[in-house]
Amino acid sequence: MAESRSEFVTRFLARDVALPGAAGQPSPGTMALITMENGGDHRKPTTLGQEALESLRDTLDVVEKRAAAGEIVAVGVTGKPYFFAAG
């Protein structure tokens, strides 16, 4: 018999976003936008358990290395509609 999944494990996914330049100026660079994703219904709160914190750590490690290499100039964190995070 298959187990039902009652917990949605949050993952932290990063994608690049080109930052716009101000009034005719060139782009200042790229921002890493980290999105909390629980893989389920967006009306379920995003929770931060052990696996979620490990995912956040791993994502931040990659972003930190990219920032040190000059690949990104900013970092943002966002969630899904209705909830940023709970718990």
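Residues numbered from 1 in each chain as written. Predicted model: local features only at pLDDT ≥ 70, side-chain atom pairs only at ≥ 80, totals over all residues. Heavy atoms only, no water.

(A) Fine view of the sheet that holds strand 1 (residues 11-18). Read from one edge to the other, the open sheet built from three strands follows the order 1-2-3, with strand pairing classed as mixed. Each of the sheet's edge strands pairs with one partner strand only, and the pair in question is strand 1 and strand 3 (74-78). Each strand axis lies, on average, 25° off the axis of its neighbour in the sheet, ignoring direction. Looking at chain direction, strand 1 and strand 2 (residues 30-37) are connected through eight bridges and run antiparallel. (Pairing = 2+ DSSP bridges. Helix = DSSP H or I, 4+ residues; strand = E, 2+ residues; numbered from the N terminus. Axes fitted to C-alpha atoms, helices over the stretch in contact; angles between N-to-C directions.)

(B) Just the nonpolar core, in detail. Ranked by size, the top nonpolar core spans seven residues in total: F12, A32, I34, M36, A52, V63 and I72. For this core, the leading source of residues is strand 2, giving three residues. (Core = buried A, V, L, I, M, F, W, Y, C linked by side-chain atoms within 4.5 Å. Buried < 20%, exposed > 50% of the residue type's maximum accessible area, 1.4 Å probe, protein only.)

(C) Structural detail: the side chain of T10. Mapped onto the fold, T10 is located in the segment before strand 1. Those residues in contact with T10 that lie beyond four places of it in its chain are M36, E37, N38, T46, T47, E51, A52 and S55. (Contact = heavy atoms within 4.5 Å.)

(D) Inspection of the pattern of salt bridges at higher detail. Scanning all chains against the criterion turns up four salt bridges. Residue R66 is joined to D16 by a salt bridge in which the shortest nitrogen-to-oxygen separation is 2.8 Å. One end of the pair, R66, is in helix 1 (residues 50-68); the other, D16, is in strand 1, with 50 residues separating them in the sequence. A relative accessible area of 43% means that D16 is categorised as partly exposed. We note a salt bridge from R57 to D58, for which the minimum N-O separation is 3.2 Å. What you see here is one network of salt bridges that share partners, running through D16, R66 and E71. (Salt bridge = Lys/Arg side-chain N within 4 Å of Asp/Glu carboxyl O.)

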